[in-house]
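Structural characterization, general
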There are 6 protein chains.
Amino acid sequence: MKSHTCSFTRNTMTEIVMPNDTNPLGNLMGGNLLKWMDIASSISVMKHTNCLTVTAAVDSVSFREPIHLGDLVVIESFVTRVFKSSLEVYLEVFKRKFDGTPRIKSNSAYYTFVAIDKNGKPIPAAEVIPETEKEKNLYAGAKRRRELRLILGGRMKPEDATELKALFDGGIYQSPD
Amino acid sequence: MKSHTCSFTRNTMTEIVMPNDTNPLGNLMGGNLLKWMDIASSISVMKHTNCLTVTAAVDSVSFREPIHLGDLVVIESFVTRVFKSSLEVYLEVFKRKFDGTPRIKSNSAYYTFVAIDKNGKPIPAAEVIPETEKEKNLYAGAKRRRELRLILGGRMKPEDATELKALFDGGIYQSPD
Amino acid sequence: MKSHTCSFTRNTMTEIVMPNDTNPLGNLMGGNLLKWMDIASSISVMKHTNCLTVTAAVDSVSFREPIHLGDLVVIESFVTRVFKSSLEVYLEVFKRKFDGTPRIKSNSAYYTFVAIDKNGKPIPAAEVIPETEKEKNLYAGAKRRRELRLILGGRMKPEDATELKALFDGGIYQSPD
Amino acid sequence: MKSHTCSFTRNTMTEIVMPNDTNPLGNLMGGNLLKWMDIASSISVMKHTNCLTVTAAVDSVSFREPIHLGDLVVIESFVTRVFKSSLEVYLEVFKRKFDGTPRIKSNSAYYTFVAIDKNGKPIPAAEVIPETEKEKNLYAGAKRRRELRLILGGRMKPEDATELKALFDGGIYQSPD
Amino acid sequence: MKSHTCSFTRNTMTEIVMPNDTNPLGNLMGGNLLKWMDIASSISVMKHTNCLTVTAAVDSVSFREPIHLGDLVVIESFVTRVFKSSLEVYLEVFKRKFDGTPRIKSNSAYYTFVAIDKNGKPIPAAEVIPETEKEKNLYAGAKRRRELRLILGGRMKPEDATELKALFDGGIYQSPD
Amino acid sequence: MKSHTCSFTRNTMTEIVMPNDTNPLGNLMGGNLLKWMDIASSISVMKHTNCLTVTAAVDSVSFREPIHLGDLVVIESFVTRVFKSSLEVYLEVFKRKFDGTPRIKSNSAYYTFVAIDKNGKPIPAAEVIPETEKEKNLYAGAKRRRELRLILGGRMKPEDATELKALFDGGIYQSPD
């Protein structure tokens, strides 16, 4: 396995919201966006690992902006950090109307994947190298988010989450937006 | 709006994993399960509110068990608690193979929705009433999970998250599983 | 193969009518409902037999109520009786609008399946045990419906259909609705 | 509304069985064939009436031949007879493998439709005129099949089904195959 | 491989434009029509060769008529000529509204396929025999169109395209419409 | 309408080949790629015009490389030139396997669109400005390709195609690959 920069793992996915993708109100159905986000972010992982991947976790998805029939959806993603058997991807979703207004950010999220071989066995991945300020912040925060995932999944005790604990002891949580 | 018990909002959705739903390894694609979970849990909200809904947030989804082509997927969901403009749904996903073995739990998750009217405006929903031990625990924990969502979304400062803070000060986090 | 009660084979499938499922008038397309009914009832068979299944026959489907975009469709099914190599499933379809009105029955139908092994060979299934009045009536009528299927498929002569013949000789046909 | 010959309403629909259409065994899923049959036969009705249609009933579908991934499916249909507010369509399904063997008949069925206007109200349709022997037989049998549908739907008493009754009193039921 | 007449390879495919097939304006999306044309014309090739096929080239598709939700689309195709390893199919697309007006031609196109065996290797196909005036014209023009394809694909020099060159030297190009 | 550089209209679309997208051999179905190419290139047009678009023509698509289940497909497109009521888009398709080998070019094509308003009426678009060598070559060749489209569509006589004629009189046709 080879190391790459975060930037090397960047992927852009674009979709137009078709009737097939909408709910009865004519807006993009949340479940469809979740599915597109899953595919888009798994491609970032595959660019880095050259392996097949399975989705391990999804967290912190919040939908703020309704996206309408005919809007363009752009999903940009990159790998933020690699743990022993998992890779965290940060992704941002933008929507753009075709009326001359600029694209606006719809939401962001973290998806976690495991790289696997042909038999479905996990493969350890090489590290990614953050370069920009934003990539470095996301790299640093990844440990905290991982602790949170383990606590919420019942696989870590809150008192052992040293990084996360600091957050509540006067530390500043930095929203990635 | 009328109050209902949590039990009144229960919904069961069953799907067989068809070729169309799988990834290149022949397993249910994570993104498809996220989509099914979205539809299943929105039905619980609609049973309670008799309104259309939009997905507001997804958190704490973790996938532990690969689900294969031909497996049966059962998604059970109910509304755990209602906040001013949002409703949290707890859902459990089970998979069952058709070989005589019992169904096993695949994963659980929380989805948050907003009930809306025909113009897409949020509608305040009536409270749900927890009855069983499990429902009461989930009701109690909903406030903590909401604080966490607000912090992660950058809309609350960690020091204001009184409920969540207690968790790290010797409190016990109770995994819903 | 093990015997089970009819109740053990019960399955509930819920779907929201999405734009993708409608005809040009904005109603659920008949063909889509037929497909959902096929999947829903095959799950009842799989619960009983723990086998893969193939659809053998569909009869007596009548659509009375248009189902609209955004409506909830609930399909409830159970195995009514097992013949040598086939199993009959009875299913009821309900629609529910999200406007406070109660759900109403849309239609009912019988689907017949054959349980098969990995090579596609039919497998004999164990009997199901009816418990309620309704289950007993459906169990009793299954023989008549099977004769009708054989006659209509050209595999039985009308004069040999002793059960069905009685129906026209003053017997009462009991509609399962 | 204008009268047409049965032949005028003939429609041919061809589909290749794609991975998307199969069940976990790699065969065409029964539910998908039911959906294709619905679309194919509704086109026959539209050719005759120049109206939108809704599916009213499906009966006597029996599946004898498994159809595999990559096979060609040909559905041929025509309107057999028009009643006050409904039209019966007879359809035959053929499968063809691409190995030099001739196409073989897979199954046949009757679908019943109602022609409707833009507001969803039923429109009375003109009669169809049978010309060939086969069309005439199907035209003659349509009344019997309609009685059967009404009885099975609980809307006619068996003793009033004069045509169908004759069937069991020494009459010959002619399978359309 | 056996020779067949062009007429033997004729195929008719009919589809109703469903919500799923439209763009945000409610018209059949160009991309969906391209996909249907691909399937329809590949069936003509399979009828002739009894082999699986892969699409090799598409050219000269022009869309003149918007096709609306609920319209009927009829695609008629046949093999025009066979080259060493490729077969050209001519196809015409018609749309029909259900308001009593006759069907009108929407567009025509040429798709080129290669017949392949189970391992994906090209198989030489037997010739097709044109019978009608139209089939003979299309057979004659196929060589010109093939030269054009080779030039546009950078695999032939314009000065070697003897047939096509004649076209510009006072020859008459005969549009197949 | 505002002018933009070709580069401003660039769009990247990425897809993983899912089981749903393949033909019975397990390769990406040509028709599906044609559909993705249609969506990808229409986004380039929308970026330039801020309007809805309809596909007007497709030409010179040739498929050289089979693309397999699980491969990544990347479609890159930009507007090459604007004519009175139509815009030509050039697009390149790349496939990438996840085995460490670099991505390879699968094929290229030209799609032509018309920008339309909400009533479906064509809207004249502003010019695009080529900057790189490749963009300038494609801009220059667009006139020739347009003449060819008009001739093949029967709307121009070969002798009037002055640009194209030069091609056969010793001119060099430059393949865009």
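Quick look at the structure, then. (Residues numbered from 1 in each chain as written. Chains lettered and ligands numbered in written order. Predicted model: local features only at pLDDT ≥ 70, side-chain atom pairs only at ≥ 80, totals over all residues. Heavy atoms only, no water.)

What follows covers the overall build of chain A. Tallying secondary structure elements over chain A gives three helices and eight strands in all. Computed over its C-alpha atoms, the radius of gyration of chain A comes to 17 Å, within 12% of the 16 Å expected for a compact globule of 177 residues. The principal-axis extents of the C-alpha atoms in chain A amount to approximately 50 × 45 × 30 Å. For chain A, the proportion of its 177 residues judged to be buried stands at 60%. A fraction of 70% describes how many contacts in chain A between residues 6 or more apart in sequence connect residues 24 or more apart. Accessible area of chain A: about 6,900 Å², with a carbon and sulfur share of 52%. (Helix = DSSP H or I, 4+ residues; strand = E, 2+ residues; numbered from the N terminus. Rg over C-alpha atoms; globule rule 2.2 N^0.38 Å. Buried < 20%, exposed > 50% of the residue type's maximum accessible area, 1.4 Å probe, protein only. Contact = heavy atoms within 4.5 Å. Areas by Shrake-Rupley, 256 points an atom, 1.4 Å probe, with all protein chains shown as cover.)

Another point: the interface of chain A and chain B. Taken together, the 35 residues of chain A in the interface contact 35 residues of chain B. Summed over both sides, the interface of chain A with chain B buries roughly 3,400 Å², with 68% coming from carbon and sulfur. Here chain A is connected to chain B by zero salt bridges. If you look at where chain A meets chain B, you find eight residue pairs in polar contact (both at pLDDT 80 or more). Looking at the side of chain A that touches chain B, the elements with two or more residues in it are helix H1 (30-49), strand E3 (52-59), strand E4 (61-62), strand E7 (104-116), helix H2 (133-152) and helix H3 (162-168) of chain A. (Buried area = accessible area lost by both parts, 1.4 Å probe. Salt bridge = Lys/Arg side-chain N within 4 Å of Asp/Glu carboxyl O. Polar contact = N/O pair within 3.5 Å; in protein donor to acceptor, adjacent residues only side chain to side chain.)

Attention shifts here to the interface of chain D and chain B. At the junction of the two partners, chain D supplies six residues and chain B supplies six residues. With both chains or domains summed, chain D and chain B bury close to 420 Å², and 72% of this area falls on carbon and sulfur atoms. The largest per-residue losses of area from chain D upon contact with chain B belong to Asn20(D), Pro24(D) and Met29(D), which jointly make up 76% of the total buried on that side. Run the count over chain D and chain B and you get zero salt bridges. On the surface where chain D and chain B come into contact, there are one residue pair in polar contact (both at pLDDT 80 or more). Its residues assigned to classes, the side of chain D that touches chain B shows three nonpolar, three polar and no charged. (Nonpolar A, V, L, I, M, F, W, Y, C, P; charged D, E, K, R; others polar.)

A general feature of soluble globular proteins is that nonpolar side chains tend to end up buried together. Ranked by internal contacts, the top residues of the largest apolar core, which has 87 residues, are Leu33(E), Ile75(E), Tyr111(E), Leu33(F), Ile75(F) and Tyr111(F). If we skip the residues at most four places from it in the chain, Ile75(F) touches Asn11(F), Thr12(F), Met13(F), Leu33(F), Trp36(F), Met37(F), Ala40(F), Leu91(F), Glu92(F) and Val93(F). (Core = buried A, V, L, I, M, F, W, Y, C linked by side-chain atoms within 4.5 Å.)

On to helix H2 (residues 133-152) of chain B, then. Note that an α-helix has 3.6 residues per turn; residues three or four places apart therefore point the same way. Residue and element names in this part refer to chain B. If you check H2, its first and last C-alpha atoms are 29 Å apart, about what 20 residues at 1.5 Å a residue would give, namely 28 Å. The axis of H2 is deflected most strongly, by about 35°, at Ala142. Every buried residue of H2 is listed here: Glu135, Leu138, Gly141, Ala142, Arg144, Arg145, Glu147, Leu148, Arg149, Leu150, Ile151 and Leu152. The first or second residue beyond H2 is Gly154, which carries a positive phi of 75°. (Expected span 1.5 Å × (residues − 1). Bend = angle between axes of the 7 residues up to and from the residue.)

This structure, assessed with the given rule, holds zero disulfides over all chains. Here Cys51(F) stays free of any disulfide, with the sulfur of Cys6(F) as its closest cysteine sulfur at 18 Å. (Disulfide = S-S within 2.5 Å.)

This paragraph deals with the relation of the copies chain D and chain B. Between chain D and chain B, the superposition needs a rotation of 120° and an axial shift of 0.0 Å, giving an RMSD of 0.0 Å. Those values place the two copies in the arrangement expected of a three-fold rotation axis. Looking at the rotation axis and the C-alpha trace of chain D, the residue lying nearest is Asn20(D), at 2.9 Å. (Least-squares fit on C-alpha atoms with pLDDT ≥ 70 in both.)

Right, let's get into unusual backbone geometry. For residues that are not glycine, phi is negative in most cases, and the peptide bond is trans in most cases. Residues and elements named next belong to chain B. For Asn50, which is not a glycine, the phi torsion comes out positive at approximately 55°. Residue position: Asn50 is located in the loop between helix H1 (30-49) and strand E3 (52-59). Note on Asn50: relative accessible area 24%, which makes it partly exposed.

When C-alpha atoms are compared, chain B and chain E, though not in contact, are closest at a spacing of 16 Å. Regarding chain C and chain F, the two do not touch, and the least distance separating their C-alpha atoms is 16 Å.

A word on the sheet that holds strand E5 (residues 72-82) of chain A. Strand order in the open sheet formed by six strands is E2(A)-E5(A)-E6(A)-E7(A)-E3(A)-E4(B), and the pairing between neighbours is antiparallel. Either end of the sheet is taken by a strand with one partner, and the two such strands are strand E2 (11-16) of chain A together with strand E4 (61-62) of chain B. The sheet contact formed by E2(A) and E5(A) spans six bridges and is antiparallel. Bridging from a neighbouring strand, Asn11(A) pairs with Ser77(A) of E5(A). Along the sheet, H1(A) contacts E2, E3, E5, strand E6 (87-96) and E7 of chain A; its crossing angle with E5(A), the most-contacted strand, is approximately 45°. Against the sheet, helix H1 (residues 30-49) of chain F touches E2, E5 and E6 of chain A, its axis set at about 85° to E2(A). (Pairing = 2+ DSSP bridges. Axes fitted to C-alpha atoms, helices over the stretch in contact; angles between N-to-C directions.)

Let's shift gears to the relation of the copies chain A and chain B. When chain A is fitted to chain B, the residual RMSD is 0.0 Å, and the transformation amounts to a turn of 180° plus an axial shift of 0.0 Å. Read as a symmetry element, the transformation amounts to a two-fold axis. Closest approach to the rotation axis within chain A is made by the C-alpha atom of Asp59(A), at a distance of 2.2 Å.

Before going further, it helps to spend a moment on the environment of His48(D). Residue and element names in this part refer to chain D. Mapped onto the secondary structure, His48 falls in helix H1 (residues 30-49). Separated by 61 residues in the primary sequence, His48 and Ala109 have C-alpha atoms spaced 19 Å apart. The contacts of His48, once residues within four sequence positions are left out, are Lys2, Ser3, His4, Thr9, Val79, Val82, Leu87, Ala126, Glu127 and Val128.

The next subject is the sheet that holds strand E2 (residues 11-16) of chain C. In space, the six strands of this open sheet follow the order E2(C)-E5(C)-E6(C)-E7(C)-E3(C)-E4(D), with antiparallel pairing throughout. Strands at the two margins of the open sheet, each flanked by one partner only, are E2 of chain C together with strand E4 (61-62) of chain D. For strand E5 (residues 72-82) of chain C and strand E6 (residues 87-96) of chain C, the ladder comprises 10 bridges, and the chain directions are antiparallel. Looking at E6(C), one finds that Val74(C) is bridged to Phe94(C). Most of the contacts of helix H1 (residues 30-49) of chain C go to E5(C), to which it runs at about 45°, and overall it touches E2, strand E3 (52-59), E5, E6 and strand E7 (104-116) of chain C.

Considering all chains together, one arrives at 44 salt bridges over all chains under this definition. For the salt bridge of Lys105(F) with Glu92(F), the shortest nitrogen-to-oxygen distance reads 2.6 Å. Of the two residues, Lys105(F) sits in strand E7 (residues 104-116) while Glu92(F) sits in strand E6 (residues 87-96), which places them 13 residues apart along the sequence. Connected through salt bridges with shared partners, the residues Asp59(A), Glu88(A), Arg145(A) and Arg149(A) form a single ionic network.

Residue and element names in this part refer to chain A. For Glu88, the location among the structural elements is in strand E6. On the basis of relative accessibility, which here comes to 0%, the residue Glu88 falls in the buried class. Within the structure, the side chain of Glu88 is placed 2.6 Å from the side chain of Thr80, a separation counted as a polar contact. Reaching out from Glu88, the side chain makes a polar contact with the side chain of Arg145 at a distance of 2.8 Å.

Further remarks concern the packing of H1(C) against H1(D). Running from amino to carboxyl end, H1(C) crosses H1(D) at an angle of 165°, the nearest separation of the two axes being 8 Å. By the angle between their axes, H1(C) is roughly antiparallel relative to H1(D). Crossing handedness for the pair H1(C) and H1(D): right-handed. Facing H1(C), whose interface residues are Gly30(C), Gly31(C), Asn32(C), Leu34(C), Lys35(C) and Asp38(C), H1(D) presents Gly30(D), Gly31(D), Asn32(D), Leu34(D), Lys35(D) and Asp38(D). Residues that form the contact of H1(C) with H1(D) fall into these classes: two nonpolar, six polar and four charged. (Parallel < 35°, antiparallel > 145°, perpendicular 65-115°, else oblique. Left-handed = near helix turned anticlockwise from the far one by under 90°.)

For the rest of this paragraph, the subject is the pairing of strand E6 (residues 87-96) of chain D. Residue and element names in this part refer to chain D. Extensive coverage of E6 is indicated by the burial of 10 of its 10 residues. On E6, burial covers both faces: Leu87, Val89, Leu91, Val93 and Lys95 on one face and Glu88, Tyr90, Glu92, Phe94 and Arg96 on the other are all buried. Where strand E5 (residues 72-82) folds back on E6, the antiparallel hairpin that results is connected by four residues. Of the pairings in the sheet, the one linking E6 to strand E7 (residues 104-116) comprises nine bridges and is antiparallel in character. Within E7, the position partnered with Tyr90 by the bridge is Tyr110.

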